Amino acid sequence: MTTVIKGGTIVTADLTYKADILIDGETIAAIGPDLAGDETIDASGAYVMPGGIDPHTHMEMPFMGTFSADDFDTGTAAALAGGTTMTVDFCLPDPDQGPLDALQVWFQKAGPARTDYSFHMGVTWWGQKFFDEMPKVVEAGINTFKHFMAYKGALMVNDDEMFASFTRCAEIGAMPLVHAENGDVVAFLQQKLMAQGNNGPEAHAYSRPPEVEGEAVNRAIMIADQAGVPLYVVHTSCEQAHEAIRRARQKGMRVYGEPLIQHLVLDDSEYAHADWDHAARRVMSPPFRDKSHQDSLWAGLAAGSLQVVATDHCAFTTKQKRMGLGDFTKIPNGTGGLEDRLAVLWTKGVVTGRLTMNEFVAVTSTNIAKILNIYPKKGAILPGADADLIIFDPKATKTISAKTQKSAIDYNVFEGVEVTGLPVMTLSRGKLAYKEGDIRAEKGDGRFVERPANAPVSKALSTWKELTAPRKVERTGIPMSGV
Ligand code: URP
Ligand code: ZN
Ligand code: ZN
Ligand code: ZN
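Residues numbered from 1 in each chain as written. Chains lettered and ligands numbered in written order. Predicted model: local features only at pLDDT ≥ 70, side-chain atom pairs only at ≥ 80, totals over all residues. Heavy atoms only, no water.

Looking at an unreviewed UniProt entry, one finds the protein chain named D-hydantoinase/dihydropyrimidinase and attributed to Jiella flava. You can read under Subunit (unreviewed entry) in the UniProt record for the protein chain the words "Homotetramer." Quoted verbatim from the Function (unreviewed entry) field of the UniProt record, the comment on the protein chain reads "Catalyzes the hydrolysis of dihydropyrimidines and of the structurally related DL-5-mono-substituted hydantoins, to produce N-carbamoyl-D-amino acids." (UniProt positions renumbered as here; feature names shortened; annotations may be inferred.)

Visitor: Would you take a moment to explain the packing of aromatic side chains for this structure?
Guide: Each aromatic ring pair is characterised by the separation of its centres together with the angle its planes make. By the definition in use, this model includes 17 aromatic pairs. Consider the rings of F72 and F119, whose centres lie 6.4 Å apart with planes at 80 degrees: the pair is edge-to-face. You can see F72 sitting in helix 1 (residues 72–81) and its partner F119 sitting in strand 12 (residues 116–122), a full 47 residues away along the chain. Like F72, the residue F119 is buried in the burial classification. Residues W346 and F392 carry aromatic rings whose centres are separated by 4.6 Å and whose planes lie at 50 degrees to one another, so their mutual orientation is tilted. Of this pair, W346 sits in helix 13 (residues 341–350) while F392 sits in strand 17 (residues 389–399); the two residues are 46 residues apart in sequence, bridging distant segments of the chain. Each member of the pair, W346 as well as F392, is classed as buried. One cation-aromatic arrangement involves R168 over F131; the distance from NZ or CZ to the ring centre is 3.7 Å. The aromatic ring of Y375 is capped on one face by K370, whose charged end is 5.0 Å from the ring centroid. (Phe/Tyr/Trp six-rings, centres within 6.5 Å; stacked < 30°, edge-to-face > 60°. Helix = DSSP H or I, 4+ residues; strand = E, 2+ residues; numbered from the N terminus. Buried < 20%, exposed > 50% of the residue type's maximum accessible area, 1.4 Å probe, protein only. Lys NZ or Arg CZ within 6 Å of the ring centre and 35° of its normal.)

Visitor: Would you explain the sheet that holds strand 16 (residues 255–257) in this entry?
Guide: Note: strands within a sheet are paired through backbone hydrogen bonds, in either parallel or antiparallel orientation. The parallel open sheet is built from seven strands, whose spatial order is 8-11-12-13-14-15-16. At either end of the open sheet lies a strand with only one pairing partner, and these are strand 8 (52–54) and strand 16. Taken over all neighbouring pairs, the strand axes of this sheet differ in orientation by 25 degrees on average, direction set aside. Note: strand 8 against strand 11 (residues 84–91), three bridges, orientation parallel. Its bridge partner lying in strand 11, I53 is registered against M86. Of the strands in this sheet, strand 14 (175–179), strand 15 (231–233) and strand 16 are in contact with helix 7 (residues 210–227), which crosses strand 15 at around 165 degrees. (Pairing = 2+ DSSP bridges. Axes fitted to C-alpha atoms, helices over the stretch in contact; angles between N-to-C directions. Contact = heavy atoms within 4.5 Å.)

Visitor: Looking at this structure, I do not really get the site of ligand 1. What am I missing?
Guide: Taken together, 14 residues sit near ligand 1, with Y151, H179, S285, D312 and N333 positioned nearest. Here an oxygen atom of ligand 1 sits 3.0 Å away from a polar atom, N or O, in the side chain of H179. Contact distances for ligand 1 include 2.8 Å between an oxygen atom and a backbone N or O atom of S285. Burial of ligand 1 by the protein chains amounts to 100% of its free accessible area of 270 Å². Taken together, the residues that form the shell around ligand 1 break down as six nonpolar, seven polar and one charged. (Near = heavy atom within 4 Å. Polar contact = N/O pair within 3.5 Å; in protein donor to acceptor, adjacent residues only side chain to side chain. Areas by Shrake-Rupley, 256 points an atom, 1.4 Å probe, with all protein chains shown as cover. Nonpolar A, V, L, I, M, F, W, Y, C, P; charged D, E, K, R; others polar.)

Visitor: Got a minute to help me understand unusual backbone geometry in this structure?
Guide: The general pattern is negative phi for most residues beyond glycine and trans for most peptide bonds. Backbone torsion omega between S285 and P286 reads -5 degrees, so that peptide bond is classified as cis. For P286, the location among the structural elements is in the loop between helix 10 (276–280) and helix 11 (292–303). At the junction of Y375 and P376, the peptide bond is cis and its omega measures out at 5 degrees in the coordinates. Position of P376 among the secondary structure elements: in the loop between helix 14 (357–371) and strand 17. Even without glycine at this site, E60 takes up a positive phi of about 50 degrees. Along the chain, the position of E60 falls in the loop between strand 8 and strand 9 (62–63). For R429, which is not a glycine, the phi torsion comes out positive at approximately 45 degrees. Note on placement: R429 falls in the loop between strand 18 (418–428) and strand 19 (431–435).

Visitor: Where do I start with the coordination of the zinc ion (ligand 4) in this structure?
Guide: Reference values for coordination geometry: four tetrahedral donors around a metal ideally subtend 109.5 degrees, six octahedral donors ideally subtend 90 or 180 degrees. Only H56 (NE2), H58 (NE2) and D312 (OD) from the protein reach the zinc ion (ligand 4) as donors, at distances of 2.0 to 2.1 Å. Because the angles between the four donor atoms bound to the zinc ion (ligand 4) fall within 82 to 135 degrees, the donor set is best described as irregular. For the zinc ion (ligand 4), all donor residues lie on one chain, and their spacing in sequence is H-x1-H-x253-D. Taken as a pair, the zinc ion (ligand 4) and the zinc ion (ligand 2) show a spacing of 3.7 Å. For H58, a relative accessible area of 4% corresponds to the buried category. (Donors = N, O, S within 2.8 Å, 3.2 Å for Na, K, Ca; no water. Tetrahedral: all angles 85-135°; square planar, octahedral: opposite > 155°, others 65-115°.)

Visitor: What exactly am I supposed to notice about the side chain of T66 here?
Guide: Following the sequence through the fold, T66 ends up in strand 10 (residues 66–67). Side chain to side chain, T66 and Q320 meet in a polar contact 2.8 Å long. For T66, the residues in contact, after removing those within four places along its chain, are M61, F316, Q320, M323 and P332.

Visitor: Sorry if this is basic, but what is going on with the sheet that holds strand 6 (residues 39–42) here?
Guide: If you trace the four strands from one edge of the open sheet to the other, you get 5-4-1-6, paired in mixed fashion. Strands at the two margins of the open sheet, each flanked by one partner only, are strand 5 (27–32) and strand 6. Averaged over all pairs of adjacent strands, the angle between strand axes in this sheet comes to 20 degrees, irrespective of strand direction. The pairing of strand 4 (residues 20–24) with strand 5 spans five bridges and is classified as antiparallel. Paired with D24 across the two strands is T27, which belongs to strand 5.

In structure tokens form, the structure reads like this:
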């Protein structure tokens with residue numbers, strides 16, 4: 001079966017031009033004028049863009065005594081409604097579980113996915129078995145390993161564990177990811193705030209100031225550099241973190257930064273809200289920052305020092321958030337955003353002139369595909385690429401509301417935000433997966449996307465290390481003993 005998308009304006013990370021797209025089965029067969037197929041989708045007046053890729057989601061994540069409320073069914077329905085055709089989740093082994101066993105559990109969980117998907121492997125503990133199984137994880141199509149520098153006593157790993165794991169990543173063509181916050185300092189500040197009687201959601205933000213994130217990003221970059229491996233910093237939320245990434249990149253290091261749509265748009269005034277539920281629903285790590293940090297993140301996206309926009313979609317219901325009534329350290333950390341990422345980024349980024357349309361495609365799709373080593377199968381409008389496409393109507397408007405969302409939770413952190421520019425149709429590998437409010441993809445339509453190992457040399461960090469490799473000095477003048 002062939003389908004032609006007719007009359008649209010194609011927008012890629014590089015180009016904007018008018019052409020039709022011929023889809024044959026699951027892939028793009030041709031791009032050009034006056035194409036014909038068995039079926040036709042009219043895209044006149046709209047933009048045709050690569051489907052969004054969200055490199056950071058948590059479906060049904062076991063976390064802080066509960067599970068995030070969107071599973072792979074509802075979460076990926078939300079993704080499609082928001083123009084996202086691929087999600088990358090996190091496989092998190094239990095303390096007594098090897099990564100390969102954990103992967104089987106996550107494959108089970110992802111069975112109902114409606115979008116294509118992949119995983120990052122969480123390095124939730126460190127030991128011989130983890131070290132031994134890492135190459136097999138890469139063989140299974142997972143080339144990224146996530147390290148939590150926060151959540152002390154739970155997911156956190158120490159510097160020696162990170163260095164060992166990063167070094168292993170370098171050997172096997174994988175890339176480490178970090179959740180960068182100094183977990184020891186956070187734990188101390190949490191205790192101190194609670195002891196002072198500061199137990200509300202606003203104290204969550206006080207316990208995780210930007211300095212704590214900046215320090216951890218600097219430390220992770222240093223460790224990655226010594227291990228000779230590139231680094232990806234998830235949920236980069238503040239100028240201190242961005243500055244560290246910028247500086248490293250200027251020195252030739254391959255360090256990537258991932259702001260979230262939430263941090264770009266929402267700020268810490270949310271925690272000052274008189275309504276406990278309102279503030280608690282916005283508790284995530286890192287927390288929302290004061291507005292000055294948003295300018296830094298937007299500038300980074302425009303300048304290329306930050307490369308991708310994700311959501312870290314980790315949705316908890318109000319009831320779950322209330323587990324932390326009287327103790328902010330027990331409020332499950334996480335917010336949703338998967339359904340709104342593209343529309344909000346377009347509205348606050350492209351419509352305002354902060355980003356070009358091509359930059360929009362780069363940061364929501366193409367750059368992600370390149371960094372995660374799945375380009376041009378994903379993230380491209382090219383013959384042979386998967387036909388993951390969105391028909392984006394720049395004139396369509398809506399007011400974001402939990403009442404109309406696909407996500408399973410009872411609120412939306414973007415409630416009331418008016419967006420201009422919406423994905424009206426989403427195609428997933430050539431199949432219409434979403435149209436104007438209706439999810440067309442079935443449960444289980446999504447497929448696992450293998451992400452092969454990176455070529456170690458091309459992805460290595462700065463080359464200066466070879467020039468300054470330690471060399472033993474040969475000496476002729478050896479002092480005589482006893483002199
Ligand atoms: O608060 C957050 N971000 N929850 C999800 C887990 C994580 O740290 O990414
Ligand atoms: Zn995190
Ligand atoms: Zn409220
Ligand atoms: Zn996360």
